[in-house]
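# Inside the fold
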Number of protein chains: 2
Amino acid sequence: MSSPQPPAPGPEALVSRLSAEELKERVLSLAGPADQALEQTLRSHVPFIEEVSDYIIFSGGKRLRPVLYLLAAAAAGGQGRPRHAAIFEFLHAATLLHDDVVDEAGRRRGRPAARTRYGNDAVILVGDFLFSKSYSLAAEVADHRFVSALTDCTTIMAEGQVLELLHTGDLELSPARYQEIIVSKTAVLIAAACQMGAIYAGADQKTVKSLYDYGLALGIAFQMVDDALDYVGSEHEFGKPVGHDLAEGKITLPFIEVRDQAPAEVRHRLLELARAIPQDPGVIPQAKELVRARGGVEHTFAQARAHALAAQQALIPLLGPGEPAPEMETLLELAPYVVTRRT
Amino acid sequence: MSSPQPPAPGPEALVSRLSAEELKERVLSLAGPADQALEQTLRSHVPFIEEVSDYIIFSGGKRLRPVLYLLAAAAAGGQGRPRHAAIFEFLHAATLLHDDVVDEAGRRRGRPAARTRYGNDAVILVGDFLFSKSYSLAAEVADHRFVSALTDCTTIMAEGQVLELLHTGDLELSPARYQEIIVSKTAVLIAAACQMGAIYAGADQKTVKSLYDYGLALGIAFQMVDDALDYVGSEHEFGKPVGHDLAEGKITLPFIEVRDQAPAEVRHRLLELARAIPQDPGVIPQAKELVRARGGVEHTFAQARAHALAAQQALIPLLGPGEPAPEMETLLELAPYVVTRRT
């Protein structure tokens, strides 16, 4: 299958001052301690739980959420502990485990999904364990807002997952409902990581809110790029089969854009292909090609860039007159990174 | 199928001062407000989540856990809010939803299990929502020990569920491992309800510990009775098919007792029947009959009575010189109730 490159984001919107290498180095310097904390924190007297948890957690995740937690704490003038950064990776892993059962996913990050290796039953229960572990870690922090921010977040996440499930195969999914789904299933956790970093740092309400808004916008951009890449990447690049969203009946922005903006005959053709997928998954490449050819992917990247820009703008109230502190700079730089990443 | 009555517990161990009617009235006077709080608290902007949650929560549960929370708070000299009592019913419902998926249960409380009505995917995600809702409510309470007690509890619960899964079909399950499973999957939540009631009341550490110990012993007794009833009750009485534990490969105390205490030829016969079940569920009645005839059920009730007695004894340090307060009396009386209940 051909794997055309997605359009690069325009330089007008987001300016990078760091090279890709410099940014990577900064992120890795925080991902390392987060990884160590994950290993130390992930203890259970049931060895099987550790095995399944290890399988999902140490499978090449980018540690985006723990890194954002640590960066936000530093940008807010404090210092987060890698132990609490682990909260966000545990939560993320728990939702991946449950998602894979719901989606009947066969692969994840380039290898068999945990459920195909350990069974649905085990991954449901180990997911529950990881949820619980996250809350345990959050409950250690004396500032009451800390654990409340987490529970508010996970309640919305669960609602988002249910919404997504209810709209499976809904070819008429509205752009507003799509946005609601990606905000709740993806963006609120990224927002909570940033918000809780600021809370841990003892920041004032304005700073906490700015970092929350940053995380929310960044999370929306992140998910939109994910949804765009599903229409363009190859499995080799992306670690999981692409075109999977369509196969699973997930209607995302690239599809919605073409459905709503293209001429009637294109819309008709796209819906015809989409309706045929459940019986004949062989038409997926045609549907993908139509979405790409009609600018659905391009439009989605443009939307993602707009949200990445909004993420940067959310930080403006926190910038002083001089050069931003390195952690603040890294947060700013992650916005263009998120919309240029190709895996 | 015949449905022999289990042996009644001996009067030597546990003395009831209240009539069954009086006890029921006291419990219902707390279950009512707990029910109202459940309805008020269970709000989601996704109507489907409310529907599935309602289906599992308002299906005739006994509200044992919320009632124990409110009783413990009062016995510890304070007053619990029904809003927080809801925590324990939400958690319980969440575990039932996930359990039913793991067990592939068809029925629950005399009607189709939620998963057969709404699908596995929906009940996994609504279970996650209910977990999250419990933590949200717990995080409202300023005393830091409150939410920590809950997260400690749910971490152990998840471990217990995994242990139970790992020992599915393990005909050699040891009595010690059986006890570990029922403590973690059932008793720690009942213990946490009592403990958190005491914490909410602002009780000292000794009182908190006594009420925790009470709940733990009561929970063990409760689960043992459940496991015994699975060998004796009829579906009509019990709301779910009986003999289900054997059908699901769950080895419980009545079986373990006969396996370990009966003469070799009985043990041999029992294991033979148990091994045949996966291919031929028709032998379940024979296996049940053998367990009953060899005293497995009687032994289990005796063990349950011993734990119920331990529950009462855990409260002794909290009793003053005069008559116990009504809520303390109700806690004491619930111990004999738990081991004489037949549904």
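Residue positions within a chain follow its written sequence, with the count starting from 1. Ligands are numbered from 1 and chains lettered from A, in the order in which they are written. In keeping with the model being predicted, local features are shown solely for residues with a pLDDT of at least 70 and side-chain atom pairs are shown and tallied solely at 80 or more, while totals for entire chains, interfaces and linings include all residues. Hydrogens and water molecules were not included; the side-chain quantities draw on all heavy atoms of the structure.

## A look at the overall build of chain A
For clarity, the cut-off: Put simply, DSSP H or I for four residues or longer makes a helix, DSSP E for two residues or longer makes a strand, and each gets a number counted from the N terminus. Radius of gyration: C-alpha atoms only; globule rule: 2.2 Å multiplied by the number of residues to the exponent 0.38. Buried, partly exposed and exposed residues are distinguished by accessible area as a fraction of the type maximum, computed with a 1.4 Å probe on protein chains only: under 20%, between the cut-offs, and over 50%, respectively. Throughout, a residue-residue contact means that at least one pair of heavy atoms, one from each residue, lies within 4.5 Å. In this count, Lys and Arg are taken as positive residues and Asp and Glu as negative ones, while His and the chain termini are left out. Each charge is placed at NZ for Lys, CZ for Arg, CG for Asp and CD for Glu.
Of the regular secondary structure elements, chain A holds 16 helices and two strands. Computed over C-alpha atoms, the radius of gyration of chain A comes to 20 Å, within 12% of the 20 Å expected from 2.2 N^0.38 for 343 residues, which places it in the range of a compact globule. With the principal axes as the frame, chain A shows a C-alpha extent of 60 × 55 × 35 Å. Here chain A, with 343 residues, has 59% of them falling under the buried criterion. Expressed as a percentage of contacts within chain A between residues at least 6 apart in sequence, the contacts between residues at least 24 apart total 75%. Treating the 33 positive side-chain charges of chain A as one cloud and the 44 negative ones as another, the clouds have centres 1 Å apart.

## Remarks on the pattern of salt bridges
Residues and elements named next belong to chain A. Selection rule: A pairing counts as a salt bridge when a side-chain nitrogen of Lys or Arg comes within 4 Å of a carboxyl oxygen of Asp or Glu.
The tally for this structure, following the rule as stated, stands at 32 salt bridges over all chains. Glutamate 172 serves as the salt-bridge partner of arginine 267, at 3.7 Å between the closest nitrogen and oxygen. One end of the pair, arginine 267, is in helix 13 (residues 264–276); the other, glutamate 172, is in the loop between helix 7 (144–166) and helix 8 (175–200), and 95 residues separate them in sequence. Looking at arginine 267, the relative accessible area reads 28%, which means it is partly exposed. Its salt-bridge partner being glutamate 272, residue arginine 269 comes within 3.1 Å of it at the nearest N-O pair. One end of the pair, arginine 269, and the other, glutamate 272, are both in helix 13, three residues apart, so they sit about a helical turn from each other. On the basis of relative accessibility, which here comes to 34%, the residue arginine 269 falls in the partly exposed class. Overall, the relative accessible area of 38% leaves glutamate 272 in the partly exposed class.

## What about the relation of the copies chain A and chain B?
Heads up, the rule is: In superposing the copies, a least-squares fit is computed on C-alpha atoms, taking residues whose pLDDT is at least 70 in both.
For the pair chain A and chain B, the superposition axis carries a translation of 0.0 Å, the fit reaches an RMSD of 0.0 Å, and the rotation angle comes to 180 degrees. When the rotation and shift are considered jointly, the pair of chain copies conforms to a two-fold rotation axis. Comparing interface residues between copies, 100% of those in chain A also sit at the interface in chain B, which points to an isologous, same-surface contact.

## With respect to the environment of B:Ile182
All names here are of chain B. With respect to the element layout, isoleucine 182 can be found in helix 8 (residues 175–200). According to the relative accessible area criterion, isoleucine 182 is buried, its value standing at 2%. When the C-alpha atoms of isoleucine 182 and alanine 75 are compared, they prove to be 26 Å apart, with 107 residues separating the residues in sequence. The contact partners of isoleucine 182, leaving out residues within four places of it in the chain, are Ala187, Ile220, Gln223, Met224 and Asp227.

## Notes on helix 16 (residues 326–340) of chain B
One full turn of an α-helix is made of 3.6 residues, so residues set three or four places apart face in the same direction. All names here are of chain B. Just so we agree on the cut-off: In this scheme, a helix's expected span is set at 1.5 Å multiplied by one less than its residue total. One axis fitted to the seven residues ending at a residue, another fitted to the seven starting there: the angle between these axes is the bend at that residue.
The first and last C-alpha atoms of helix 16 sit 21 Å apart over 15 residues, in line with the 21 Å expected at 1.5 Å per residue. The sharpest bend along helix 16 measures roughly 25 degrees and falls at leucine 334, with the proline proline 336 sitting one to four residues further on. Extensive coverage of helix 16 is indicated by the burial of eleven of its 15 residues. Met328, Glu329, Thr330, Leu331, Leu332, Glu333, Leu334, Ala335, Pro336, Val338 and Val339 are the residues of helix 16 that are buried. Where helix 16 is buried, its residues meet helix 1 (20–41), helix 3 (64–75), helix 9 (205–229) and helix 15 (296–315).

## Quick notes on the side chain of B:Asp128
Its location among the elements puts B:Asp128 in helix 6 (residues 120–139). Setting aside its immediate chain neighbours within four residues, B:Asp128 contacts A:His98, A:Asp128, A:Phe131, A:Ala158 and B:His98.

## Side note on the packing of aromatic side chains
How we decide: Aromatic rings from Phe, Tyr and Trp, taking only the six-membered ring of Trp, are treated as a pair when their centres fall within 6.5 Å; an angle between ring planes under 30 degrees marks them as stacked, one over 60 as edge-to-face, and anything in between as tilted. Two conditions define a charge located above a ring, namely a distance within 6 Å from the ring centre to NZ of Lys or CZ of Arg, and an angle within 35 degrees of the ring normal.
The final tally for this structure, using the stated rule, is eleven aromatic pairs over all chains. Ring centres of B:Phe48 and B:Tyr118 lie 5.8 Å apart, and the angle between their planes is 85 degrees; this geometry places the pair in the edge-to-face category. Of this pair, B:Phe48 sits in helix 2 (residues 47–57) while B:Tyr118 sits in helix 5 (residues 114–118), and the two are 70 residues apart along the sequence. For B:Tyr118, a relative accessible area of 15% gives the class buried. On the numbers, 5.4 Å between centres and 35 degrees between planes, the contact of B:Tyr69 with B:Phe88 is tilted. With B:Tyr69 in helix 3 and B:Phe88 in helix 4 (residues 82–103), this pair connects stretches of sequence that are 19 residues apart. In textbook terms, an aromatic cluster arises when at least three aromatic residues are bridged by ring pairs, as seen for A:Tyr69, A:Phe88, A:Phe146 and A:Tyr200. Cation over ring: A:Arg111 sits above A:Tyr55, and NZ or CZ is 3.7 Å from the ring centre.

## Things to note about the interface of chain A and chain B
Note the cut-off: The term buried area refers to how much accessible surface (probe radius 1.4 Å) is lost by two components on association, counted for both of them together. Distance and chemistry together define a polar contact, namely a pair of N or O atoms within 3.5 Å, with one atom able to donate a hydrogen and the other to accept it when in protein, and with adjacent residues in sequence counting only for side-chain atoms on both sides. Throughout this entry, Asp, Glu, Lys and Arg are counted as charged residues, while Ala, Val, Leu, Ile, Met, Phe, Trp, Tyr, Cys and Pro are counted as nonpolar. The remaining residues, Gly among them, count as polar.
The partner chain B presents 39 residues to the 39 residues of chain A that form the contact. With both chains or domains summed, chain A and chain B bury close to 3,300 Å², and 69% of this area falls on carbon and sulfur atoms. On the chain A side of the interface with chain B, the three residues burying the most area are A:Leu125, A:Glu159 and A:Val162, jointly 17% of the side's total. The interface formed by chain A and chain B holds zero salt bridges in total. Taken together, the links from chain A to chain B amount to 22 residue pairs in polar contact (both at pLDDT 80 or more). At the level of secondary structure, the elements contributing two or more residues to the side of chain A that touches chain B comprise helix 2 (47–57), helix 4 (82–103), helix 6 (120–139) and helix 7 of chain A. With 14 residues, the top contributor of residues to the side of chain A that touches chain B is helix 7 of chain A. Tallied by class, the residues present in the side of chain A that touches chain B amount to 21 nonpolar, eleven polar and seven charged.

## A word on the nonpolar core
Defined as follows: Each nonpolar core is a collection of buried residues, namely Ala, Val, Leu, Ile, Met, Phe, Trp, Tyr and Cys, held together in the definition by side-chain atoms within 4.5 Å.
By size, the foremost hydrophobic cluster in this structure holds 239 residues, and its most contacted members are A:Leu130, A:Tyr214, B:Leu130 and B:Tyr214. Not counting the four nearest positions on each side in its chain, B:Tyr214 is found in contact with B:Leu68, B:Cys194, B:Ala311, B:Ala314, B:Leu315, B:Leu331 and B:Leu334.

## So, the environment of B:Glu50
Residue and element names in this part refer to chain B. Take glutamate 50: it is sitting in helix 2. C-alpha of glutamate 50 to C-alpha of glycine 77: the two residues are 27 residues apart in sequence and 35 Å apart in space. With residues near it in sequence (within four places) discarded, glutamate 50 still touches Leu42, Arg43 and Ser44. From its side chain, glutamate 50 meets the backbone nitrogen of serine 44 in a polar contact 2.8 Å long.

## Thoughts on the state of the cysteines
A covalent bond between the sulfur atoms of two cysteines is referred to as a disulfide. For clarity, the cut-off: The disulfide criterion is simple: two cysteine sulfur atoms within 2.5 Å.
Overall, the coordinates contain zero disulfides over all chains when judged by the stated rule. Note on A:Cys153: no disulfide assigned, nearest cysteine sulfur contributed by A:Cys194 at a separation of 11 Å.

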